[in-house]
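The primary structure of each chain is shown beneath.
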Amino acid sequence: MAQTKKDGVRDAILQAGFVQFSDVGYSETSIPAIAAAAGISTANVYRYFPSKLAILYTLYEPWLVAQLDALGTSLARVADPRKRLEKLFLALWRELPRASNGFANNVMQGLSTSGRGDAYDPHLRDLFQRRVAGWIAETTRLSARESKTVAGVALMAFDGFAMNVHLPAGIVCDTSTARLMGRTWIAS
């Protein structure tokens, strides 16, 4: 007899996954740990999600969209182009990597440890890059194509800062770095 999936179980898995990823990171989180925290069997987790990476992506997209929405609202209140770019780079390279106990670091861990069976979907990177490119284009004299290129570089830097967030001597973006990058692109 086929069993039907229940939203409450799916939600419990996602909530447990978020807590596990936030507390110990993607690499140290296991499907059995998520199952135990959700109060279900490990096999039941696999009825809802094919992999740990699928759980992470399901959690990461709404988290990322909420972060980007808040950033867009914040950027809209900054009229000065240099200060706006400085705020953008500080958000991308310091605030967002630190948000929710470095939650973005989980995606770096997940992607770097994924196997051939874990399909990579560029949907989230594309979404992220489009939003950042739009803010850059609105703020600078760069073309849409150039803004997309700069956004790609900014996202690669974001990945690096997200990977460094939990390292004891990790590199952290400071205000002078964000200011310098803002000046560089305004002058273009």
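The structure under discussion appears in the preceding block.
The sections below set out a description of the structure shown in this document. Sequence positions are assigned chain by chain, starting from 1 and proceeding in written order. Local features in this predicted model are restricted to residues of pLDDT 70 or higher, and side-chain atom pairs are both shown and tallied only at a pLDDT of 80 or more, whereas totals for entire chains, interfaces and linings draw on every residue. No hydrogens and no water enter the side-chain calculation; it runs on all heavy atoms of the structure.

**Regarding the overall build of the protein**
Logical step 1: Helix and strand assignments come from DSSP, with helices taken as H or I runs of at least 4 residues and strands as E runs of at least 2, each series counted from the N terminus. Along the protein, the regular secondary structure elements total 9 helices and 0 strands.
Logical step 2: Each helix and strand of the protein, placed in order from N terminus to C terminus, yields the pattern α-α-α-α-α-α-α-α-α.
Logical step 3: The C-alpha extent of the protein, read off along each of the three principal axes, is 65 × 35 × 30 Å.
Logical step 4: Burial classes follow relative accessibility: with a 1.4 Å probe on protein chains only, a residue under 20% of its type's maximum area counts as buried, one over 50% as exposed, and anything between as partly exposed. Counting across all 188 residues of the protein, residues that qualify as buried make up 43%.
Logical step 5: For the protein, contacts bridging at least 24 residues in sequence account for 74% of all contacts bridging at least 6.
Logical step 6: With an accessible surface of roughly 10200 Å², the protein has 55% of that area assigned to carbon and sulfur atoms.
Logical step 7: When charges are tallied, Lys and Arg are placed among the positive residues and Asp and Glu among the negative ones, while His and the ends of the chain are skipped. Each charge is placed at NZ for Lys, CZ for Arg, CG for Asp and CD for Glu. With 21 positive and 16 negative side-chain charges, the protein shows a spacing of 3 Å between the two charge centroids. Contacts are assigned to residue pairs that have any heavy atoms within 4.5 Å of one another. The Shrake-Rupley method, run with a 1.4 Å probe, gives the accessible areas here. Residue values count only the displayed protein chains as cover.

**Structural notes on the packing of aromatic side chains**
Logical step 1: Two rings from Phe, Tyr or Trp (for Trp, the six-membered ring) form a pair when their centres sit within 6.5 Å of each other. Planes less than 30 degrees apart are called stacked, planes more than 60 degrees apart edge-to-face, and all others tilted. Across all of its chains, the model carries 8 aromatic pairs by this definition.
Logical step 2: Pairing Tyr 60 with Phe 103 gives two aromatic rings, centres 6.1 Å apart and planes at 35°, and the pair type is tilted. On the criterion of sequence distance, the pair formed by Tyr 60 in helix α4 (residues 52–76) and Phe 103 in the loop between α5 (81–102) and α6 (104–113) is long-range, its members being 43 residues apart.
Logical step 3: Connected via pairs of aromatic rings, a cluster forms that spans Phe 18, Tyr 60, Trp 63 and Phe 103.
Logical step 4: Across the ring face of Tyr 26, the terminal group of Lys 52 is positioned such that the distance to the ring centre comes to 4.1 Å. Charge-over-ring contacts are defined here by two conditions on Lys NZ or Arg CZ: a distance within 6 Å of the ring centre and an angle within 35 degrees of the ring normal.

**Thoughts on the side chain of Ser 147**
Logical step 1: Considering the arrangement of structural elements, one finds Ser 147 in helix α8 (residues 144–164).
Logical step 2: Those residues in contact with Ser 147, other than ones at most four positions away along the chain, are Ala 133, Ile 136, Ala 137, Thr 140 and Leu 142.

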